[in-house]
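The primary structure of each chain is shown beneath.
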Amino acid sequence: MALGGGPLGAIIGRYPSFAAADDQDPGGGVIRHDRKCRDWPFLLLFAAFWVAMIVNSSFGFNQGNPLRLTFGLDYKGNICGSRHADPDLRELDVRYWMNPNQVYQSGLKSSHISLPDAKAICLMECPLPAEDGLNFVCDYPEGDIRLSVDDWIDRDYDYFEFLTPDMRNSSLQLQGPCYPVIFPSVNVYWSCQFITRASNVSLKHWQQMGGVSIDENMLVDKTIHNAINSKSAVLKRYVADIRKSWPVLIVCGGLLPLFLSVIWLMMIRYFVAGMPWITVVVFNALVISVTMFFYIKAGWIGHDPLTVVIGESDPYVNIGGREINHLHAASVLMTVIMILAFLTSIAIARRILIATSVLKVAAKVIGEVQALIIFPVVPFLILAIFYIFWFSAMLHLFSAGQVIKNDCNTDCCSYDLKLGRVNCDSCCGYSIHYTPHIGIAILFHFLCCYWATQFFIGCSSTVIAGSVASYYWARGEISHDIPFHTVVSSLKRLVRYSLGSVALGSLIVSIIEWVRFILETLRRRLKFVDSAHDSWFGKTVSSSSQCCLGCIDWTLKSVNRNAYIMIAITGKEFFKASALATGLIMKNVLRIGKVNVIGDVILMLGKLCVSLLCALFAFIMLDKHKYRSGQNKISSPLVPVLVSWALGYIVAKLFFAVVEMSIDTIILSFCQDTEEHQGNARYAPPLLMETLDEESELQRLAEGP
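Residues numbered from 1 in each chain as written. Predicted model: local features only at pLDDT ≥ 70, side-chain atom pairs only at ≥ 80, totals over all residues. Heavy atoms only, no water.

1. Things to note about the overall build of the protein
How we decide: By the criteria applied, helices consist of DSSP H or I runs no shorter than four residues and strands consist of E runs no shorter than two, each listed in order from the N terminus. Only heavy atoms matter for contacts: two residues are in contact if any of them lie within 4.5 Å across the pair. Per-residue and other accessible areas were derived by the Shrake-Rupley procedure at a 1.4 Å probe size, with only the shown protein chains allowed to occlude residues.
Helix and strand counts for the protein stand at 23 helices and 10 strands. Taking the contacts inside the protein whose residues are at least 6 apart along the sequence as the reference set, 77% of them involve residues at least 24 apart. Accessible area of the protein: about 32,000 Å², with a carbon and sulfur share of 61%.

2. Some words on the UniProt feature "transmembrane region" (unreviewed entry) in the protein
Inclusion rule: UniProt positions are given in the numbering used here, feature names are shortened, and annotations may be inferred rather than shown by experiment.
Following the UniProt record, the feature "transmembrane region" (unreviewed entry) maps to residues 42-61, 246-265, 277-296, 327-348, 369-390, 494-519, 601-622 and 642-659 here. Structurally, residues 642-659 comprises 100% helix and 0% strand, and the distance from its first C-alpha atom to its last is 25 Å.

3. Quick notes on the pattern of salt bridges
This is how it is decided: We define a salt bridge as a contact between a side-chain nitrogen of Lys or Arg and a carboxyl oxygen of Asp or Glu at a distance within 4 Å. Burial classes follow relative accessibility: with a 1.4 Å probe on protein chains only, a residue under 20% of its type's maximum area counts as buried, one over 50% as exposed, and anything between as partly exposed.
Evaluated as defined, the whole model comprises 10 salt bridges. As a salt-bridge pair, Asp-623 and Lys-297 come within 2.6 Å of each other at their nearest N and O atoms. Of the two residues, Asp-623 sits in the loop between helix H20 (589-622) and helix H21 (638-676) while Lys-297 sits in helix H11 (residues 275-297), which places them 326 residues apart along the sequence. The class of Lys-297 is buried, set by a relative accessible area of 9%.

4. Considerations on helix H6 (residues 165-172)
Restricting attention to buried positions, one finds in H6 the residues Met-167, Ser-170, Ser-171 and Leu-172. On the buried face of H6, the contacting elements are strand S4 (178-180), helix H7 (200-208), strand S8 (414-416) and strand S9 (421-423). Just beyond H6, the residue with positive phi is Leu-174, at close to 60°.

5. Some thoughts on the state of the cysteines
In plain terms, the rule: Cysteine sulfur atoms that come within 2.5 Å of each other are treated as a disulfide pair.
Under the counting rule described, the total for this entry stands at 3 disulfides. With a sulfur-sulfur separation of 1.9 Å, Cys-138 is cross-linked through a disulfide to Cys-178. With the S-S dihedral at roughly 105°, the linkage between Cys-138 and Cys-178 falls on the right-handed side. Note that Cys-138 is positioned in strand S3 (residues 136-138) and Cys-178 in strand S4, a separation of 40 residues in sequence. Here the two residues Cys-138 and Cys-178 agree in accessibility, since each one is buried. Not part of a disulfide, Cys-449 finds its nearest cysteine sulfur in Cys-448, a span of 8.8 Å. Looking at Cys-449, the relative accessible area reads 11%, which means it is buried.

6. Here we look at the packing of helix H10 (residues 246-270) against H11
Note the cut-off: Note on method: axes are straight lines fitted to C-alpha atoms, helices fitted across the in-contact stretch only, with angles between N-to-C directions ranging 0 to 180 degrees. Note on residue categories: nonpolar means Ala, Val, Leu, Ile, Met, Phe, Trp, Tyr, Cys or Pro, charged means Asp, Glu, Lys or Arg, and polar means any other residue, Gly included.
One way to put it is that H10 packs onto H11 with a least axis distance of 10 Å and a crossing angle of 145°. Judged by residue contacts, Trp-264, Met-267 and Ile-268 of H10 engage Met-275, Ile-278 and Thr-279 from H11. Along the lines of polarity and charge, the residues of the contact of H10 with H11 split into 5 nonpolar, 1 polar and no charged.

7. Description of helix H9 (residues 231-244)
It helps to recall that an α-helix has 3.6 residues per turn; residues three or four apart then point in one direction. So the rule is basically this: What a helix is expected to span follows from its residue count: subtract one and scale by 1.5 Å.
Across its 14 residues, H9 extends 20 Å between first and last C-alpha, which sits within 8% of the 20 Å expected from 1.5 Å per residue. Considered for burial, the residues of H9 that qualify are Ala-233, Val-234, Arg-237, Tyr-238, Val-239, Ala-240, Asp-241, Ile-242 and Lys-244. Elements in contact with the buried residues of H9: helix H8 (218-228), H10, helix H12 (322-348), helix H15 (377-398) and H21.

8. Examining the side chain of Thr-665
Condition: By the criterion applied in these results, polar contacts are pairs of N or O atoms within 3.5 Å in which, for protein atoms, one can donate a hydrogen and the other can accept it, and in which residues neighboring in sequence qualify only through two side-chain atoms.
Relative to the helices and strands, Thr-665 resides in helix H21. A polar contact is formed between the side chain of Thr-665 and the backbone oxygen of Met-661, at a distance of 2.5 Å. When neighbours within four sequence positions are excluded, Thr-665 is seen to be in contact with Ala-465, Val-468, Ala-469 and Ile-565.

9. Focus on the packing of aromatic side chains
Heads up, the condition is: When two rings of Phe, Tyr or Trp (its six-membered ring) have centres within 6.5 Å they constitute a pair, described as stacked for plane angles under 30 degrees, edge-to-face for angles over 60, and tilted for the intermediate range. By the criterion adopted, a ring carries a charge over it if an Arg CZ or a Lys NZ lies within 6 Å of its centre and within 35 degrees of its normal.
Applying the stated rule across the entire model yields 27 aromatic pairs. Measuring from ring centre to ring centre gives 5.2 Å for Phe-293 and Phe-619, while their planes differ by 15°; the resulting arrangement is stacked. With a gap of 326 residues between them, Phe-293 in helix H11 and Phe-619 in helix H20 connect regions that are remote in the sequence. Taking the centre distance of 6.3 Å and the plane angle of 45° together, the rings of Tyr-387 and Phe-391 count as tilted. Here Tyr-387 pairs with Phe-391, and both are found in helix H15, just 4 residues apart, close to one helical turn. Taken individually, Tyr-387 and Phe-391 each receive the classification buried, so the pair is uniform in this respect. Lying across the ring of Tyr-270, Arg-269 places its NZ or CZ 4.8 Å from the centre.

10. Focus: the nonpolar core
What counts is decided by this rule: Nonpolar cores were defined as sets of buried Ala, Val, Leu, Ile, Met, Phe, Trp, Tyr and Cys residues, with membership established by side-chain atoms within 4.5 Å. Residue ranges for the domains originate in an automatic or database domain assignment.
Ranked by internal contacts, the top residues of the largest apolar core, which has 201 residues, are Trp-152, Tyr-159, Tyr-472, Met-566 and Val-659. When residues in this core are grouped by element, the largest group, 22 residues, is from H21. In terms of domain composition, this core takes at least three residues from each of domain 1 (94-229) and domain 2 (239-278 + 354-400 + 436-703). Not counting chain neighbours up to four residues away, the residues in contact with Trp-152 comprise Leu-92, Ile-121, Cys-122, Leu-123, Cys-138, Asp-139, Tyr-140, Pro-141, Tyr-157, Asp-158 and Tyr-159.

11. Structural notes on the pairing of strand S2 (residues 120-123)
Operational definition: Strands are treated as partners if at least two bridges between them are detected by DSSP.
Residues Ala-120 and Cys-122 of S2 are buried on one face, and the alternating residues Ile-121 and Leu-123, pointing to the opposite face, are buried as well. Across 4 bridges, the pairing between strand S1 (residues 94-97) and S2 is antiparallel. Each residue of the ladder has a partner; that of Tyr-96, found in S2, is Ile-121.

12. Focus on a negative patch on the surface
For clarity, the threshold we go by: Within the patch definition used here, like charges are joined within 9 Å and nonpolar side chains (Val, Leu, Ile, Met, Phe, Trp, Tyr) within 5 Å, considering only residues with over 30% relative accessible area and no salt bridge. For this count, His and the chain ends are skipped, Lys and Arg are scored as positive, and Asp and Glu as negative. Here the site of a charge means atom NZ of a Lys, CZ of an Arg, CG of an Asp or CD of a Glu.
A contiguous patch of negative charge, built from Glu-91, Glu-125, Asp-150, Asp-151, Asp-154 and Asp-156, is present on the exposed surface. Looking at the secondary structure, you find Glu-91 in the loop between helix H3 (40-63) and S1.

13. Brief notes about the side chain of Thr-223
Within the fold, Thr-223 resides in helix H8. If we ignore the near neighbours within four places in the chain, the residues touching Thr-223 are Val-103, Ser-106, Gly-107 and Leu-115.

See the structure below:
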């Protein structure tokens, strides 16, 4: 394709904006020539995806209950802490297993009973053995027990003295309705974790009363511990942490990155010479700070590590969990990132002068088209509304399982207060049943989120590219009294002609990301079922495939960004715009590569600075008493901090696209300008010519900082 005399040349070179017939649109002759709707089938596909996401989310809203992510079920299938249960459990949010022998038996490998089948009720707090006697925890008062729930609570759940002789006899057989408190317990994530050190005083009183033998075995402790720290339980707690920490996400994932990004753009506009150095220094300081916070919460520094116990606990009891192990892994990862960040800063120190020159070009554009600083607020608000809906739907989808009575194959009996006798026909407990369809719905929900995020970022980038292209081809003659009109005109062109192309570009990136995710999931599964995978050949193939997919993903994102620029300039469909952009870059790769890459590195560090500062503030907010005790206690700061980090990065990406797309658009326009005018860019501003001139660049490098 002859770029100089082909279609692109006809659009750009022969229709200068200041000579355009459309005087209402600066750059109109360049930008608006020969436009029509492109890639519209993919816009329809994107709309269909939105409809499917809404239907998928409605299933979660109808079937889900976020309380299931935090609290357990009692033996009746009620969610602890639920006001809609029978009886009302709104203040009774701690699950307690009444029969210690059932807990022990559920831990035996040969047993048919499982922990969900062991009789559990909901209490306000975990009971403790009496110091000089024997405490009982009795079933919910009903039938012949004429006590209200409030009176039952006031009596510490003990109405043993009101039992008939038959009830007392069944209780001594560990069949209820009252059960002895023999083992101390602590509240670990809203379940009473037994501690295997039975109270000798209580056990002696129990034996004197003629109670059956109680198993004193480590399985009583271990069985509950394994259930609380299972992978599914930890995943539920991590999702529940998002719900509990929503004020932190709003501040650190929305408002704070918005403020920091605008400040960074303003500093680029008025203090461009020092920004690369400031960015590098602040980036390293923030990486070190976030790493230190991970060390503190992992218990490697100071005396304020994460605790899994809710409320007061025995200081001599140390109960760990998967969350602490995950914090240890995150601390090691952050240490590696900190070392790599420091080495990268050293490597780019001598190239920062080039980045300064590139950023000066972008600062010039922002100064002329000042609306570019404000425009990203529009996609920011759209994404904010979308994420509020998406996170709410995600919480309901993760809790959308059905509460179903277990089909247990065991013999057990318990006293039924309504029937007034021991009942051996209903000893199975309840569990939340998750079907494969729910897993598919959750994966689809994440795919929709990623595609929608990429789509909105692509739309924002395309509008910015169209505005900057108008500035370039107008030779800087855009009037200062209409800076907003350039952005508004670019937005209108996007909505009218190019939404389908942006939908296609964002879909391609989303597909590649999901292929990487699926392959990584398969690789992890095969690692456990295929011993041959541990061979040298298997590891090499796995690593190579992941590396190749990562390179393809990075390349596609770069191609997408340049394609959006050519879409904004030419109005071509996505693949043709990608070909035009790639052709221009390949012809000028040696000239612009070294200039553009170092600028991209500084911009990337800037985005990481914003997101790291969001993560740091998230740590600080989560360190308050509100999130360390009571119902708002989070299981780990890891997920809220990572979500704040991700949201901060997305917001920063929206705003930093002003500088990023300004640089890339002007460079692509410069390349085409050079092609059309025999190597001499006619429309390029003097500052850009100076930046891209090789001799002046080498001279600056020789002089040093």
